[in-house]
Amino acid sequence: MREIIFGKRSQGFGGNVRFSALGTGVDKATWLFDDLISGNYKVYATWTQHSNRASDAPFTVKNGQGDTLLGVDMNQKIDPDDLIDGGTAWEALGEVQVTDDSLMVDLSDNANGYVIADAIRIEPVGVSVMSQSFVQISDSSSSENAFVPANVAVI
Ligand SMILES: [Ca+2]
Ligand SMILES: [Ca+2]
């Protein structure tokens with residue numbers, strides 16, 4: 001079994017991020033959301049920007065069967081700016097339909113610079129504001145299946 005991981009840094013949402021230098025895409029950080037109510041969800045990511053980051057950090061959103069619902073490349077050289085909530089800035093990855101009560105989001109290192117795995121936020125679409133508690137955040141990576149060389153850049 002392969003040992004972990006994206007490296008860790010004390011920064012970002014919750015004071016923790018994982019990162020990987022550019023790689024082949026075999027290495028991924030993964031966030032899981034379970035027990036979701038069926039419906040459409042907006043999916044957001046946050047990260048800490050730096051000039052050494054990838055401009056094409058590849059996020060993929062999958063359903064519980066592992067089918068890809070959404071794939072999008074994010075520019076991590078710049079800050080997220082689509083939604084500010086509680087002092088954290090989030091970038092929208094897109095909207096997906098949940099039909100089997102779970103979502104998996106992964107970030108691969110098949111990119112042109114460092115990729116930063118910080119936190120993912122999902123929120124149901126079209127649900128009244130009183131359902132704010134449906135907003136869920138998965139911080140850093142719940143199951144890392146990733147490897148990163150020992151040399152670590154300044155992040
Ligand atoms: Ca934006
Ligand atoms: Ca974090």
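Computed from a prediction, not measured in an experiment: that's the story for all the values here.

What counts and what doesn't
- Residues numbered from 1 in each chain as written.
- Chains lettered and ligands numbered in written order.
- Predicted model: local features only at pLDDT ≥ 70, side-chain atom pairs only at ≥ 80, totals over all residues.
- Helix = DSSP H or I, 4+ residues; strand = E, 2+ residues; numbered from the N terminus.
- Buried ≥ 20, exposed ≤ 12 C-beta atoms within 10 Å, placed from the backbone.
- Contact = placed C-beta atoms within 7 Å.
- Pairing = 2+ DSSP bridges.
- Axes fitted to C-alpha atoms, helices over the stretch in contact; angles between N-to-C directions.
- Core = buried A, V, L, I, M, F, W, Y, C linked by C-beta atoms within 7 Å.

Asks: Could you clarify how one ought to interpret the overall build of the protein chain in this entry?
Replies: A tally of regular secondary structure across the protein chain gives 0 helices and 13 strands. Helices and strands appear in the protein chain in the N-to-C order β-β-β-β-β-β-β-β-β-β-β-β-β. Per-residue burial over the protein chain gives 35% buried out of 155 residues. Taking the contacts inside the protein chain whose residues are at least 6 apart along the sequence as the reference set, 75% of them involve residues at least 24 apart.

Asks: When you look at the environment of Phe59 in this model, what are you seeing that I'm missing?
Replies: Along the polypeptide, Phe59 turns up in strand β5 (residues 57–63). Considering only alpha carbons, one finds Phe59 and Ala45, 14 residues apart in sequence, at a separation of 8.9 Å. In contact with Phe59, not counting residues within four places along its chain, are Ala45, Val72, Met74, Leu93, Val105 and Leu107.

Asks: I keep staring at the sheet that holds strand β8 (residues 88–98) and nothing clicks. Help me out?
Replies: The strands making up a sheet are joined through hydrogen bonds of the backbone, oriented either antiparallel or parallel. Strand order across the open sheet formed by 5 strands is β7-β8-β4-β11-β12, with antiparallel pairing between neighbours. The open sheet has two edge strands, β7 (83–85) and β12 (136–139), and neither has a second partner. Here the strands of the sheet are splayed against their neighbours by 35 degrees on average, with no regard to which way each runs. When strand β11 (residues 119–124) meets β12, the two strands line up antiparallel, connected through 4 bridges. Within the sheet, the bridge partner assigned to Ile122 lies in β12 and is Gln136.

Asks: Got a minute to help me understand the sheet that holds strand β1 (residues 7–9) in this structure?
Replies: Taken together, the 3 strands give an open sheet; going across it, the order is β1-β2-β10, and neighbouring strands pair in antiparallel fashion. If you trace the sheet from one side to the other, it starts and ends with β1 and β10 (115–117), each paired once. If you compare each strand with its neighbour and ignore which way they point, the axes differ by 35 degrees on average. Of the strand pairs in this sheet, strand β2 (residues 17–20) and β10 are connected by 3 bridges, and their pairing is antiparallel. From the neighbouring strand, Phe19 faces β10, where its bridge partner is Ile116.

Asks: How do you make sense of the pairing of β5 when you look at a structure like this?
Replies: Both faces of the sheet carry side chains from a regular strand, because those side chains alternate between them. With 6 bridges connecting them, β5 and strand β6 (residues 68–74) associate as antiparallel partners. For Thr60, the partnering residue across the bridge sits in β6 and is Gly71. Where β5 hands over to β6, the hairpin turn is made up of 4 residues, of which Gly66 adopts a positive phi near 90 degrees.

Asks: Sorry if this is basic, but what is going on with the pairing of strand β4 (residues 39–46) here?
Replies: Pairing analysis gives 7 bridges linking β4 to β8, with the strands arranged antiparallel. When the bridges of β8 are listed, Val43 appears paired with Gly94.

Asks: What should I look at first to understand the nonpolar core in this one?
Replies: Residues Val43, Ala45, Phe59, Leu103, Val105, Val115 and Ile120 are the most contacted members of the largest nonpolar core, which totals 32 residues. Put simply, the parts of the chain that give this core at least two residues each are β2, β3 (28–33), β4, β5, β8, β9 (103–108), β10 and β11. Aside from chain neighbours lying at most four places away, what touches Val115 is Phe19, Ser20, Ala54, Ala57, Gln76, Leu107 and Asp109.

Asks: In this structure, what is going on with the environment of Gly71? I would like to understand it.
Replies: Here Gly71 lies in strand β6. Linking Gly71 and Thr60, residues 11 residues apart in sequence, is a C-alpha distance of 4.4 Å. Beyond its immediate stretch of four places on either side in the chain, Gly71 contacts Pro58 and Thr60.

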